[in-house]
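Below, each chain spelled out in residue letters.
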Amino acid sequence: MKQKQFRTLLAGAAFGLWTIGAAWADTLNVGVVVSLTGPGAALGIPYRNVFQMLPKTLGGVDVNYHVLDDASDTTTGVKNARKLVDENKIDVLVGSGSLPVTLAMGAVIREGQVPQIALAPMDYDPARDIWTFSLPQPMGLMMAEVVDDMVRRKVGTVGYIGFADSWGDAVYKHLNEQAAKVGIKVLGNERYNRNDVSVIGQAVKLLAAKPDAVMVGGSGTPGALPHIAMRDSGYKGQMYNTHGSVSGDFLRVGGKSVEGTLAPAGPLLFADQLPAGHPVKPVAAAALEQYDKAYGASARSPFLGYAYDAYVLLSSVMPEVLKKAKPGSQAFRVALRDALEKNVRDVAGTQGVYSISRDNHNGLDRRARVLVQATGGRWVAVSQ
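One numbering rule holds for all chains: residues counted from 1, following each sequence as written. With pLDDT at 70 or above as the cut-off, local features in this predicted model cover only qualifying residues; side-chain atom pairs require 80 or more to be listed or tallied, and sums for whole chains, interfaces and linings still use all residues. Based on all heavy atoms of the structure, the side-chain values leave hydrogens and waters out of the count.

(A) Structural context of the packing of aromatic side chains. For Phe, Tyr and Trp, where Trp contributes only its six-membered ring, two rings pair if their centres lie within 6.5 Å, and the inter-plane angle classes them as stacked under 30 degrees, edge-to-face over 60, or tilted in between. Within this structure, the stated rule accounts for seven aromatic pairs. Pairing Y47 with F303 gives two aromatic rings, centres 6.4 Å apart and planes at 70°, and the pair type is edge-to-face. Within this pair, whereas Y47 is found in helix α2 (residues 41-53), its partner F303 is found in the loop between α10 (280-295) and α11 (304-322), the two being separated by 256 residues in sequence. With respect to class, Y47 is no different from F303; both count as buried. Between Y291 and Y295 the ring centres are 4.9 Å apart and the planes differ by 50°, which places this aromatic pair in the tilted class. Secondary structure counts use DSSP, requiring at least four H or I residues in a row for a helix and at least two E residues in a row for a strand, with both numbered from the N terminus. The rule is simple: take the accessible area with a 1.4 Å probe, protein chains only, and divide by the maximum for that residue type; under 20% is buried, over 50% is exposed, in between is partly exposed.

Structural data, given as structure tokens:
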């Protein structure tokens, strides 16, 4: 009798484990690493908000979002990525919004062979970054918009000050490349750390060079620091920043010092100013309506669009992926990576239209940018 009861209990336990495994296999697990604290919080909080408001299904399957804070720190970001891959067995990683953290997590992604949808712009290497897709506009695309405006304003020289990290490096590199094409000379290469409280020394050096304009390679609230220092030092010329600084927090911290600043931006927050037939307009409007309902219109941020676009792209390929494998398996991760690369063609998101290929894991074009200006405490589009 005891032996029969034991066999019954064993069979029941086995069935219970099978049903748990089956339920797990029918659930998509998305890891999210963003900056909820530290200098990058102005970007990370809107990302987090999006994942909290999204439907609990994606492409016809249940979805769990595992959101972790990288604290704007590369070491923490790598630990988070490792935990999500090894312990949570995620099917895809979304993040980070910080370029240094994104690049640092790359080794974990390549080792674990997990698709990554980055929320920071990065230069794609098709020989190395085969698992990583980046949604924000490439730096070259955005710097071209900035330099086009400099040409219109007859700028001959531009001073540069940016973060002392990979973001600052990327802005400087692409600014130089675009400026060289039209004969604009870049003066200086001043740098500062994201947690610095003063850049007056760098500002004095740039002021001495007498540039016609100044480009700041910053993002988030730390991106306002050079504007404050330059204006306090008496600089009167045109100042530019990157799409990483187009936020209400940047305007709040910078105050009058950032008034008139020009920056490239994605079209999300300016959807109502886009032409009627623009493919981004209806997607952006729907995302903003959903976000406003959850958090209020005052909480809007351009960064929410990249997180929303991750959902859009995953939804667009999920039916094809599910034909080949179930979530929770390496076969699923491979199928998802392949589908993102092969099946994303003219997919409209909130920040542009994506057409991804093997050699281009971003796929955005000119429809993904507008030039905006800080005017009266808000960002206003000055080009479409």
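(B) Structural view of the side chain of D165. Its place among the elements puts D165 in the loop between β7 (157-163) and α6 (166-182). When residues no more than four places from it in sequence are discounted, the contact partners of D165 are P100, R191 and R194. Note on contacts: a residue pair qualifies if any of its non-hydrogen atoms lie within 4.5 Å across the two residues.

(C) Region of the structure containing the pattern of salt bridges. The term salt bridge refers to a side-chain nitrogen of Lys or Arg lying within 4 Å of a carboxyl oxygen of Asp or Glu. For the structure on display, the rule yields 18 salt bridges. We note a salt bridge from D149 to R152, for which the minimum N-O separation is 3.4 Å. With D149 and R152 both in helix α5 (residues 139-152), this residue pair falls three residues apart, about one helical turn. On the basis of relative accessibility, which here comes to 5%, the residue D149 falls in the buried class. The shortest N-O distance in the salt bridge between K323 and E320 comes to 3.7 Å. Overall, the relative accessible area of 66% leaves K323 in the exposed class. Of the residues examined, E320 reaches a relative accessible area of 28% and is grouped as partly exposed.

(D) Representation of the sheet that holds strand β5 (residues 116-118) in the model. Any two strands with at least two DSSP bridges between them are considered paired. The mixed open sheet is built from six strands, whose spatial order is β2-β3-β1-β4-β5-β6. Both outer strands of the open sheet, β2 (57-58) and β6 (132-134), are each paired with one neighbouring strand and no more.

(E) Molecular detail of the packing of α11 against helix α12 (residues 330-342). Comment: axis = line fitted to C-alpha atoms, over the contacting stretch for helices; angle = value between 0 and 180 degrees taken between N-to-C directions. For the pair α11 and α12, the least separation of the axes is 9 Å and the interaxial angle reads 125°. Between α11 and α12, the angle is such that the two are oblique. In the crossing of α11 with α12, the sense of the turn from one axis to the other is right-handed. Along its contact with α11, which presents L313, L314, V317, M318, V321 and L322, the element α12 presents F332, A335, L336, A339 and L340. Here the contact of α11 with α12 is composed, by residue class, of 11 nonpolar, no polar and no charged. Geometric relationships in this document are graded by angle, where less than 35 degrees denotes roughly parallel, more than 145 denotes roughly antiparallel, 65 to 115 denotes roughly perpendicular, and other angles denote oblique. By definition, turning the near helix anticlockwise from the far helix through less than a right angle yields a left-handed crossing, and turning it clockwise yields a right-handed one. When residue character is reported, Ala, Val, Leu, Ile, Met, Phe, Trp, Tyr, Cys and Pro are called nonpolar, Asp, Glu, Lys and Arg charged, and the others, Gly included, polar.

(F) Geometry of the environment of H227. Structurally, H227 is set in helix α8 (residues 225-232). The exposure class assigned to H227 is buried, which follows from its relative accessible area of 0%. As a C-alpha pair, H227 and L314 span 87 residues in sequence and 38 Å in three-dimensional space. Beyond its immediate chain neighbours, meaning those up to four positions away, H227 contacts V216, M239, Y240, N241, F250, S257, V258 and T261.

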